[in-house]
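Read off the chains here:
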Amino acid sequence: MPASRTIVIAGAGIGGLTASLALAARGFRVVVLEKTERLEEAGAGLQLSPNASRVLIDLGLGARLAQRAVVPDAVTVMNARSGRATVRLPLGDSAAARAGAPYWVIHRADLQSALEAEVKAHRSIDLQLGSAFENLSSDSGGVTVGYRRRSERRQQQALALIGADGIWSTVRGQMFPSTQPRFSGLIAWRGTVDARALPQAAPLGVQLWMGPQAHLVVYPISGGRRINLVAIVSDDWHREGWSAPGEAREIRSRFEAAGWATPARKLIGAVDIWKRWALFAMPDGGAWSAGTTALLGDASHGMLPFAAQGAGMAIEDAAVLAQCLGDSHRADAGGSVPAALQRYAQARRARVAKVQRLARQNGKIYHLTGPMALARDLAMQALGSQRLLARQSWVYDWRP
Ligand SMILES: Cc1cc2nc3c(=O)[nH]c(=O)nc-3n(C[C@H](O)[C@H](O)[C@H](O)COP(=O)(O)OP(=O)(O)OC[C@H]3O[C@@H](n4cnc5c(N)ncnc54)[C@H](O)[C@@H]3O)c2cc1C
């Protein structure tokens, strides 16, 4: 591929694959380097709010994703001690009509394979599996990207390099070595269960159970056939990675000892295979671009998952990046690639920092104890579902 219209993306996660489609739609050739030999399911379920689903639909993925996603009827906030609903925020088709795009819950593997199929069908995208980014050197013509394909060292000339290689980004390590993710002191336990195996009716929407220093998120995926569970607890274990195994007995006894209501404990008890994920987050306000290289998704702003927006922000990044780079190549725009990447970083920074703060704040609110927890529940009831939903509109109503 000639360098003149080529962009290299390191990382074929949700961010990298979406960016490749958005850039190809603007007329670029894209080489996507992915270090793993196969794109595998990383984690389990994912919530995609309208700000993200809108971008994916614009890229032509609507029909493919609609087949596999579930439109939850509501987000119901549950009290972990009483087992009762504190407040129910309706979503479903009415929320989609209001926002102009659906709220989806989906298995990550379904999203990943829909993106991969679209990428493979695109003549301008070259997805190279088993290819690990190693180094970069910039020159006046752009950037030379060094990578290793199996045992062979290779190079690719490009206009720009996009580091979409996740929270442990090698690209970021070379550009901004002092910016490192920090451990939050929290662990996500993740598992799925066949909806028919649940001892109670499977939820049709998202359940958010709030308890003392822990919370539990439950929702249907895979067309409602499976139920996804994420339990967040404090811990000092912090290994990198998606899929360290977790002992079912350990998580069950933690929620039992903490006095969680029977329906929540039954949900947890129904899952046999758990994976643990230590929650790291990037500090706010790190650099995103330098010269012809920029970061995208978790590589620049890996965040706590308590606003359910990490992938959403990566998807938004992809749309804005393609817009900025696309404009730099319009004959009448006269811009350069470094200037376009700076515009991208500027356009994204404030919004992403606000979402990072929201995620941290949500985590604190979800884990309140004693009288503070009671005050939280009363405040949510007093505000009511419509006003609580309206508070999310700055996140959901975003458009590229
Ligand atoms: C418990 C939990 C729940 C979550 N729930 C939600 C949710 O409901 N909604 C939401 O929007 N977000 C959610 N998130 C966040 C979301 O999962 C991430 O923000 C998102 O997956 C980040 O995508 P990414 O493409 O930036 O990075 P990644 O998905 O990490 O992809 C990075 C890719 O780069 C590859 N790579 C790494 N190094 C190299 C290299 N040197 N060369 C080539 N390739 C490389 C990796 O193999 C990987 O494929 C959740 C996260 C957690 C932990």
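Let me begin by describing the structure that accompanies this report. (Residues numbered from 1 in each chain as written. Predicted model: local features only at pLDDT ≥ 70, side-chain atom pairs only at ≥ 80, totals over all residues. Heavy atoms only, no water.)

### A closer look at the environment of Gly13
Link 1 in the chain: Within the secondary structure layout, Gly13 lies in the loop between strand S1 (6-10) and helix H1 (14-25).
Link 2 in the chain: What makes Gly13 partly exposed here is its relative accessible area of 27%.
Link 3 in the chain: When the C-alpha positions of Gly13 and Leu39 are compared, they lie 8.1 Å apart, and in sequence the two are 26 residues distant.
Link 4 in the chain: Apart from residues lying up to four places away in sequence, Gly13 is in contact with Glu34 and Gln112. (Helix = DSSP H or I, 4+ residues; strand = E, 2+ residues; numbered from the N terminus. Buried < 20%, exposed > 50% of the residue type's maximum accessible area, 1.4 Å probe, protein only. Contact = heavy atoms within 4.5 Å.)

### Thoughts on the site of the ligand
Link 1 in the chain: Contacts to the ligand come from 33 residues, most closely from Gly15, Glu34, Arg108, Trp277 and Asp298.
Link 2 in the chain: Here a nitrogen atom of the ligand sits 2.9 Å away from a polar atom, N or O, in the main chain of Phe133.
Link 3 in the chain: One nitrogen or oxygen atom from the main chain of Ala308 is found 3.2 Å from a nitrogen atom belonging to the ligand.
Link 4 in the chain: When isolated, the ligand has an accessible area of 1,000 Å², and the protein chains bury 90% of it.
Link 5 in the chain: Of all the secondary structure elements, the ones that give two or more residues to the shell around the ligand are H1, strand S2 (29-34), strand S3 (45-48), strand S8 (131-139), strand S12 (182-194), strand S17 (274-281) and helix H10 (310-328).
Link 6 in the chain: Here the residues of the shell around the ligand sort into 15 nonpolar, 12 polar and 6 charged. (Near = heavy atom within 4 Å. Polar contact = N/O pair within 3.5 Å; in protein donor to acceptor, adjacent residues only side chain to side chain. Areas by Shrake-Rupley, 256 points an atom, 1.4 Å probe, with all protein chains shown as cover. Nonpolar A, V, L, I, M, F, W, Y, C, P; charged D, E, K, R; others polar.)

### Section: the pairing of strand S13 (residues 206-211)
Link 1 in the chain: S13 sits mainly inside the fold: 6 of its 6 residues count as buried.
Link 2 in the chain: The alternating pattern of S13 places Val206, Leu208 and Met210 and Gln207, Trp209 and Gly211 on opposite faces, both of which are buried.
Link 3 in the chain: The pairing of strand S4 (residues 74-79) with S13 spans 5 bridges and is classified as parallel. Across the sheet, the residue bridging to Met78 is Trp209, located in S13.
Link 4 in the chain: Two elements, S13 and strand S14 (residues 214-221), share 5 bridges in a ladder whose sense is antiparallel. The residue bridging Trp209 from the neighbouring strand is Leu216, located in S14.
Link 5 in the chain: Connecting S13 to the next strand, S14, in antiparallel fashion are 2 residues, including Gln213 with a positive phi near 55°. (Pairing = 2+ DSSP bridges.)

### What to know about the nonpolar core
Link 1 in the chain: Counting residues in each nonpolar core, the largest one holds 58 residues, and the members touching the most others are Leu23, Leu48, Leu111 and Leu325.
Link 2 in the chain: Tallying contributions element by element places H10 first for this core, with 10 residues.
Link 3 in the chain: When sequence neighbours within four positions are dropped, the list of residues in contact with Leu325 reads Ile7, Leu23, Phe28, Val337, Ala340 and Leu341.
Link 4 in the chain: Counting 33 residues, the second-largest nonpolar core is a separate cluster that includes Val77, Ala95, Val206 and Val230. (Core = buried A, V, L, I, M, F, W, Y, C linked by side-chain atoms within 4.5 Å.)

### Some remarks on the side chain of Thr76
Link 1 in the chain: With respect to the helices and strands, the residue Thr76 is situated in strand S4.
Link 2 in the chain: Looking at Thr76, the relative accessible area reads 15%, which means it is buried.
Link 3 in the chain: Setting aside its immediate chain neighbours within four residues, Thr76 contacts Ala85, Val87, Arg88, Val206, Gln207 and Leu208.

### So, the sheet that holds strand S10 (residues 152-158)
Link 1 in the chain: Spatial ordering of the open sheet is given by S8-S9-S10, a layout of 3 strands whose pairing is antiparallel. Edge positions in the open sheet fall to S8 and S10, since each of these has one partner strand only. The average undirected angle you get between the axes of adjacent strands in this sheet is 25°.
Link 2 in the chain: Strand direction decides the pairing type here: S8 and strand S9 (residues 142-149), joined by 8 bridges, are antiparallel. Across the sheet, the residue bridging to Ala132 is Arg148, located in S9. (Axes fitted to C-alpha atoms, helices over the stretch in contact; angles between N-to-C directions.)

### Here's the deal with the sheet that holds strand S19 (residues 293-295)
Link 1 in the chain: Pairing within the open sheet is mixed, and its 6 strands lie in the order S7-S2-S1-S11-S19-S18. With partners counted over all chains shown, the strands left at the sheet margins are strand S7 (125-129) and strand S18 (289-290), one partner each.
Link 2 in the chain: Examined bridge by bridge, S1 and S2 share 5 bridges and lie parallel to one another. Across the sheet, residue Ile7 finds its bridge partner in S2, namely Val30.

### What about the packing of aromatic side chains?
Link 1 in the chain: Counted according to the given criterion, the structure contains 6 aromatic pairs.
Link 2 in the chain: Summarising the aromatic geometry, the rings of Tyr103 and Tyr396 are spaced 5.7 Å apart at their centres and angled 80° between planes, so their arrangement reads as edge-to-face. Placement of the pair is Tyr103 in the loop between helix H4 (92-99) and strand S6 (104-107) and Tyr396 in helix H13 (residues 393-396), with a sequence separation of 293 residues.
Link 3 in the chain: Judged by relative accessible area, Tyr103 falls into the buried class, the value being 6%. (Phe/Tyr/Trp six-rings, centres within 6.5 Å; stacked < 30°, edge-to-face > 60°.)

Shape descriptors only; they carry no functional weight alone.
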